[in-house]
Amino acid sequence: MFSFRYVLRETGQNLWRNLLLAVATVITVGVSLAMFGGFLLFQRAVDSATARWEDGVEFIVWMNADVGSVEDAGIRNQLDESPGVLDWQYVDRLASYEEFRAFFEDTPEVLDIATEQEIPPYYRVVPVDPDPDVVEELGDQFKGRPGVRTVTFAGDVIRDVQNLSDRAGRVLFIGSIVLLAASTLLILNTLAVAIGNRRTEIEIMRLVGATKAFIRIPFMLEGLVQGLLGAAVAMTSNALLRNYVIDQFSDADGLRLLAGFKVDDAAMFQVNLLVLVIAVGVAVVGSYLAVAMHIND
Amino acid sequence: MIKMEKVTKVFKGDVVALRDVTIDIGKGEFVFLVGPSGSGKSTFIRLLNREEVPEHGRIFVAGRDIGGLSSWRVPYLRRNIGYVFQDYKLLQKKTVAENVAFALEAIGKGPHVIKRQVPAILELVGLSRKVDRFPYELSGGEQQRVSIARAFVNRPMILLADEPTGNLDPTTSVGIMRLLERINETGTTVLMATHDSSIVDSMRQRVVELDRGMVVRDQARGVYE
């Protein structure tokens, strides 16, 4: 039988008694999770900006918005028959319009002036040889063809952004894993101190017949609260990162490359959910280890 | 109420704390456990509430073999056994009433039970006027009475006391013994480990003497030596 009020009171008192240590733990967990969340947001933003250029796509053949079926078939034939083309993917007008909407969801004034009929379909092309000269020569074969509006190339900048993203992401990922391990140990140590401070109470509880769960749950809850507060710090950091850093990139005049460098609401929700799950995981592991190591049966 | 059959307890390094102990203590008895330091008195008590488990032999409490209890049932065994410490082990940041209530809270008793039982037990131990005092505001004898109240508030069948007068002067010790006698008169079995010969001699209760882990004397209405 549990007294909910008792558990809450004991948890609150534990946190209050070790306030400075608890604050240090919350900050460490928060910074670790913020780094992890930042890494994920950065990846999502880069993915968003370079989505069209993934899977080896080196150039895109943009069709006119009012392209006819005969002209379209001509381009398909050329793609199929070209020995330099390894693979290609057609993005029809509807899918292209969805991409466009996702791209400019935060800019309603742009969305308002464009209709589905104005958005062109396109072909994403994967060449056999990714050498820039070969790709350019291959892409040029489509320029000026009936129905073709323009041809755009991935170019070195896109590839550099992707490479930079991969490397920075790895560093951030490894750093956040190390910090998350440190957070787990810090929660463990904070609870070990709390358990040490309450050694007499624990001994009395054991001897009067308190169950193992009754003794352990306030400590586990204390660890969980620290983890959740850390998650709140990280989520706040994520929101600031998205609104004041990532969105600034996408709004920057002249940085067309970064026009799609953004994180949509769904991605933000996923990242925050993952941060929350990891915070709970870190808290549960840290507090379980603490009570298992420091409270005798 | 308490029965040991050929119980042997060995600690690390082959230190034999109890050797082949067989004893039977009936319901409502008052028993002194005497013997020199290291004779096994504390181990004897710790075995009864399953803080230790014996290497050999069987221990029965209220007819139940506690050696076979699973770990999750041990707390329920302990709810039937009160424990009084030599050094009181009171929580310094809790008042007298809160210290006693803590024993009930820890086993999940609700506020209505606590409100009814805590004042009653504090009345029994003579501390009803000091319910809001903190332990550091009490004398040693008063602190030990709080400790006894905490051990008895759940009305256990057995009360174990490990040197409860060890830190008290003789006069105060007499008061504590009177209190334990009153508790014993309610039908609770009291087992008390002690070095205090004058108390044992004056009470003339059953005396079990241990020496190097063995029962060397079991005497009804006995004396210390």
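Residues numbered from 1 in each chain as written. Chains lettered and ligands numbered in written order. Predicted model: local features only at pLDDT ≥ 70, side-chain atom pairs only at ≥ 80, totals over all residues.

A. Summary view of the packing of helix H2 (residues 19–50) of chain A against helix H10 (residues 265–294) of chain A. Residues and elements named next belong to chain A. Contact geometry for H2 and H10: axes closest at 10 Å, N-to-C directions at 150 degrees. Classed by the angle they form, the pair H2 and H10 counts as roughly antiparallel. Note that H2 runs across H10; the crossing there is right-handed. Along the contact surface, H2 presents Val29, Leu33, Phe36, Gly37, Leu40, Leu41 and Arg44, while H10 presents Ala267, Val271, Leu274, Val275, Ile278, Ala279 and Val282. Grouping the amino acids of the contact of H2 with H10 by side-chain chemistry returns 12 nonpolar, 1 polar and 1 charged. (Axes fitted to C-alpha atoms, helices over the stretch in contact; angles between N-to-C directions. Helix = DSSP H or I, 4+ residues; strand = E, 2+ residues; numbered from the N terminus. Parallel < 35°, antiparallel > 145°, perpendicular 65-115°, else oblique. Left-handed = near helix turned anticlockwise from the far one by under 90°. Contact = placed C-beta atoms within 7 Å. Nonpolar A, V, L, I, M, F, W, Y, C, P; charged D, E, K, R; others polar.)

B. Focus on the nonpolar core. Leu33, Val100 and Ala149 of chain B are the most contacted members of the largest nonpolar core, which has 112 residues in total. With 13 residues, the top contributor of residues to this core is H2 of chain A. (Core = buried A, V, L, I, M, F, W, Y, C linked by C-beta atoms within 7 Å. Buried ≥ 20, exposed ≤ 12 C-beta atoms within 10 Å, placed from the backbone.)

C. Quick look at the sheet that holds strand S3 (residues 122–127) of chain A. Residue and element names in this part refer to chain A. Sheet architecture is open: 4 strands sit in the order S2-S3-S1-S4, paired in antiparallel fashion. Here the strands that pair on one side only, and so sit at the sheet edges, are strand S2 (85–91) and strand S4 (148–153). This sheet shows a mean twist of 20 degrees between the axes of neighbouring strands, independent of strand direction. The strands touched by helix H3 (residues 69–81) are strand S1 (59–63), S2, S3 and S4; relative to S3, the strand with the most contacts, the crossing angle is about 5 degrees. (Pairing = 2+ DSSP bridges.)

D. Examining the environment of Leu86 of chain A more closely. All names here are of chain A. Relative to the helices and strands, Leu86 resides in strand S2. For Leu86, a count of 14 C-beta atoms within 10 Å gives the class partly exposed. For the pair Leu86 and Val128, spaced 42 residues apart in sequence, the C-alpha separation works out to 4.8 Å. Ignoring sequence-local partners within four residues, the contact set of Leu86 consists of Val126, Pro127 and Val128.

E. Seen up close, the pairing of strand S10 (residues 214–219) of chain B. Residue and element names in this part refer to chain B. Of the strand pairs in this sheet, strand S9 (residues 206–211) and S10 are connected by 5 bridges, and their pairing is antiparallel. Counted as the bridge partner of Leu210 is Val215 from S10. Connecting the antiparallel pair S9 and S10 is a turn made up of 2 residues, with Arg212 showing a positive phi of about 50 degrees.

F. Spatial organisation of the interface of chain A and chain B. Taken together, the contact between chain A and chain B spans 16 residues of the former and 15 residues of the latter. If you tally residues by element for the side of chain A that touches chain B, the top one is helix H8 (residues 199–208) of chain A, at 7 residues. Here the side of chain A that touches chain B is composed, by residue class, of 9 nonpolar, 4 polar and 3 charged.

G. Region of interest: the confidence of the model for chain B. Per-chain confidence: chain B averages 92 in pLDDT, with 100% of residues scoring 70 or above. We note a pTM of 0.70 for the whole complex and an ipTM of 0.86 for its interfaces. (pLDDT = per-residue confidence, 0-100.)

H. Structural context of the sheet that holds S10 of chain B. Residue and element names in this part refer to chain B. Overall, mixed pairing links the 6 strands, which are arranged S6-S7-S8-S3-S9-S10 in an open sheet. The open sheet has two edge strands with one neighbour each: strand S6 (81–84) and S10. Across the sheet, the axes of successive neighbouring strands diverge by a mean angle of 20 degrees, strand direction being ignored.

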